[in-house]
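Summary of structural features
This is what each chain is made of:
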Amino acid sequence: MGVVSPNGIGREAFCRAVLAGKSGVSRITRFDASNLPVQVAGEVKDFDELAWVDQRERKHVSRIIPLALAASTEALQDACIDYEHLSLEEKREIGVVLGSGGGAQEFSEEQYRLWHSGHVKQVSVFCIPSGTMGTQSSEVSMRFGFRGMSHVVTTGCTSSTDALGYALRHIQAGVHSTILVGGVDAPIAPGIIKGYTMLRALTSSWNHAPERASRPFSADRDGFVLSEGAWMFVLENYDHARARGARTYAEIAGYGSTCDAFHRVRMDENAEEPAHAVELAMEEAGITPEDVHYVNLHGTSTQLNDRVETRALKMALGGRAAKVPMSALKSQIGHAQGACGAAGLAATLVAMEHSRIPPTINLEQPDPRCDLDYVPDVGRVAAIEHAICNCVAFGSKNSALVLRKL
């Protein structure tokens, strides 16, 4: 696992922050946001882009590239993969799969800004290839010399959850023995914020207290906080990993994805249609609701999403739902868009490894329609054998993973 997060750079810093309930949300510093109604975001602070991308190259690539390279490097080191000394055949066995909702959208926005402000000569000659979604994984593959598949999965906010499921299926099919997979997004840019503001999706109530802005399941929530980051993992066959001496965290025991059930629940909160993706993932893992010890929630901090997710988990887990501790990482870091599923997975692995449930912070006003155990404010000691990571996206997509502790 490798992490570059608003609340910690590196997996150890991220681990400490997540368990302590440390907010990574602050006032925007990357540009002047004083003329925007929303002035807070989950920025990755003190991140040296030039440690990962040459200064001459930086103007030609999106911010997601240095973020992805930093997290990927840590993940490969954690997996004991000496990528600089692999044979050609070994390089062909390693694939790269990135999940990203917006990819280089902030890069493209900057190119348009330069063009329309009369700075045509400053526009990158690589504005088209660097702005294309599919080239993002190639930047990672080429940096490490990997010769396996190099794919980008983009399904909105479920992108990195689906990327992990996609990688899992390729390993199960024997296509690759090892896949570097995860999520990366860097959507903090003026135009993107304006677009979300027009959708009334972002909170504008907490410019004066940024760390309190993201408040999933609290009755006074009024929108999510945009954030960025990269969370990368090395996914491989268990025996293959152990033979190399790599540290192993957990196995993906089940994956499910659908574009149906959440739509029905969203349109009718009294619907009896269960959260089908969760059920599919549990079915593949061979577990029942009684086996679930923790759920990492999507928890965006919007009124409708949090109600619907609560309702869906009740249907999926039945009477067990009220007894399962659940928490929302977005309360700490905001919404990293297509990377949020990978971020939730990283937080869940931390919880499983340390037997401690991360808290949902800023849950200050109980909402009678959101009445599950969200572990508010302070974390909790708990043994976790099976955990569910739930993710939701535009278009009524719902994807879920079941993790089993090794």
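The coordinates are above.
Presented here is a report on the structure given in the accompanying data block.

Rules behind the numbers
- Residues numbered from 1 in each chain as written.
- Predicted model: local features only at pLDDT ≥ 70, side-chain atom pairs only at ≥ 80, totals over all residues.
- Heavy atoms only, no water.
- Salt bridge = Lys/Arg side-chain N within 4 Å of Asp/Glu carboxyl O.
- Helix = DSSP H or I, 4+ residues; strand = E, 2+ residues; numbered from the N terminus.
- Buried < 20%, exposed > 50% of the residue type's maximum accessible area, 1.4 Å probe, protein only.
- Axes fitted to C-alpha atoms, helices over the stretch in contact; angles between N-to-C directions.
- Parallel < 35°, antiparallel > 145°, perpendicular 65-115°, else oblique.
- Contact = heavy atoms within 4.5 Å.
- Disulfide = S-S within 2.5 Å.

Another point: the pattern of salt bridges. A side chain with one charge may pair with a side chain of the opposite charge, provided their charged atoms come close. Tallying each qualifying case throughout the model produces 21 salt bridges. Residue Asp 220 pairs with Arg 215 through a salt bridge whose shortest N-O separation is 3.1 Å. Glu 364 is the salt-bridge partner of Arg 215, the closest N and O atoms lying 2.6 Å from each other. Residue Arg 215 is found in the loop between helix H9 (190-198) and strand S8 (229-236), and its partner Glu 364 is found in the loop between strand S12 (356-357) and strand S13 (380-381); the two are separated by 149 residues along the sequence. Using a relative accessible area of 0% as the deciding quantity, one classes Arg 215 as buried. The exposure class assigned to Glu 364 is partly exposed, which follows from its relative accessible area of 40%.

Quick look at the packing of helix H5 (residues 105-116) against H9 now. Two quantities define a packed helix pair, namely the angle between the axes and the distance from one axis to the other. Taken N-terminus to C-terminus, the directions of H5 and H9 make an angle of 110°; their axes are 8 Å apart at the nearest point. When the axis of H5 is compared with that of H9, the two are roughly perpendicular. Facing H5, whose interface residues are Gln 105, Glu 106 and Glu 109, H9 presents Pro 190, Gly 191 and Ile 192.

Our focus in this paragraph is the state of the cysteines. For the structure shown, the criterion picks out zero disulfides. Cys 389 supplies the cysteine sulfur nearest to Cys 15, a cysteine that is in no disulfide, at a spacing of 15 Å. Counting only cysteine sulfurs, Cys 391 is the nearest neighbor of Cys 389, a cysteine outside any disulfide, at a range of 9.0 Å.

Bear in mind that shape data such as this cannot, by itself, settle questions of function.
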